[in-house]
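Breakdown of the fold
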Amino acid sequence: MMTEIRVNYEKAINQMIVQGTSRQALFAFINDMVDGYGRAGGSLAFNILNDALNNDLSEEVEEAVVDALEALSGQCHRRCWIGSGDYHLAPKAA
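Numbers given to residues run from 1 along each chain, matching the order in which its sequence is written. Per-residue local features of the predicted model are confined to residues with pLDDT of at least 70, and side-chain atom pairs are confined, for both listing and counting, to 80 or more; whole-chain, interface and lining totals are unaffected and use all residues. As a rule here, side-chain values cover all heavy atoms of the structure and leave hydrogens and water aside.

Examining the packing of helix 2 (residues 23-52) against helix 3 (residues 59-73)
Each pair of packed helices can be described by the angle between their axes along with the distance between the axes. Stated precisely, the cut-off is as follows: Here an axis means a line fitted to C-alpha atoms, over the contact stretch when the element is a helix, while the angle between two N-to-C directions is reported on a 0 to 180 degree scale. The numbering of helices and of strands both runs from the N terminus, where a helix is a DSSP run of H or I of at least 4 residues and a strand a run of E of at least 2. Our angle categories are set so that under 35 degrees counts as roughly parallel, over 145 as roughly antiparallel, 65 to 115 as roughly perpendicular, and the remainder as oblique. Left-handed describes a crossing in which the near helix is turned anticlockwise from the far one by less than a right angle; the clockwise case is right-handed. Only heavy atoms matter for contacts: two residues are in contact if any of them lie within 4.5 Å across the pair. When residue character is reported, Ala, Val, Leu, Ile, Met, Phe, Trp, Tyr, Cys and Pro are called nonpolar, Asp, Glu, Lys and Arg charged, and the others, Gly included, polar.
The interhelical angle for the contact between helix 2 and helix 3, taken along N-to-C directions, is 40°, at an axis separation of 10 Å. Taken as axis vectors, helix 2 and helix 3 run oblique relative to one another. Every pair of crossing elements has a handedness; the one defined by helix 2 and helix 3 is right-handed. Between helix 2 and helix 3, the residues in contact are Arg-23, Leu-26, Phe-27, Ile-30, Gly-42, Ala-45, Phe-46, Leu-49 and Asn-50 and Glu-63, Ala-64, Val-65, Asp-67, Ala-68, Leu-69, Ala-71, Leu-72 and Ser-73, respectively. Residues of the contact of helix 2 with helix 3, tallied by class, amount to 12 nonpolar, 3 polar and 3 charged.

Okay, structure coming up:
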């Protein structure tokens, strides 16, 4: 994935987090990433969200981020997965 795309998505997700985005808005944005860029989009979202947990987040936002990470990694009910739900794996491992 091009560096510019990564930077744009990283800025957008981080801005959503800072603004206290809703779980639904975060999931919708990440779904769009997966729809538009497939496995690369899902892996990128997983890494950005994982890095975001290093920041001081409100409890509500942290819960939304963790829920999105679980949906991206298949650690929740199958109907809640985002895409294939295995974006925590290395690209060749999936």
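Overview of the pattern of salt bridges
The following threshold applies: Salt bridges are identified by distance alone: a Lys or Arg side-chain nitrogen within 4 Å of an Asp or Glu carboxyl oxygen.
Across all of its chains, the model carries 2 salt bridges by this definition. The closest approach of N and O atoms between Asp-67 and Arg-23, which form a salt bridge, is 2.5 Å. Within this pair, whereas Asp-67 is found in helix 3, its partner Arg-23 is found in helix 2, the two being separated by 44 residues in sequence.

Section: helix 1 (residues 3-18)
Going by this rule: Between the first and last residue of a helix there are one fewer steps than residues, each counted as 1.5 Å, and that sum is the expected span. Buried residues are those whose accessible area, probed at 1.4 Å on protein chains only, stays under 20% of the maximum for their type, while exposed residues exceed 50% and partly exposed ones sit between those limits. In this description, one arc is meant: the one made by directions from the helix axis to the C-beta atoms.
The end-to-end C-alpha distance of helix 1 is 22 Å, a good match for the 22 Å that 16 residues give at a rise of 1.5 Å each. Restricting attention to buried positions, one finds in helix 1 the residues Ile-5, Tyr-9, Ile-13, Met-16 and Ile-17. Looking straight down helix 1, one finds that the buried residues subtend no more than 100° of arc, so they occupy a single side. Seen from the open side of helix 1, the exposed residues pointing more than 90 degrees away from its buried face are Thr-3, Glu-4, Lys-11 and Val-18.

Digging into the packing of aromatic side chains
The condition is simple: Two aromatic rings from Phe, Tyr or Trp, using only the six-membered ring of Trp, form a pair when their centres are within 6.5 Å; if the ring planes differ by under 30 degrees the pair is stacked, by over 60 it is edge-to-face, and anything between is tilted.
Under the counting rule described, the total for this entry stands at 2 aromatic pairs. With a centroid separation of 5.8 Å and 85° between ring planes, the pair formed by Tyr-9 and Tyr-37 is classed as edge-to-face. Of this pair, Tyr-9 sits in helix 1 while Tyr-37 sits in helix 2, and the two are 28 residues apart along the sequence. Look at Tyr-37 and you get partly exposed, because its relative accessible area is 36%. Taken together, the ring pairs in this structure connect Tyr-9, Phe-29 and Tyr-37 into an aromatic cluster.

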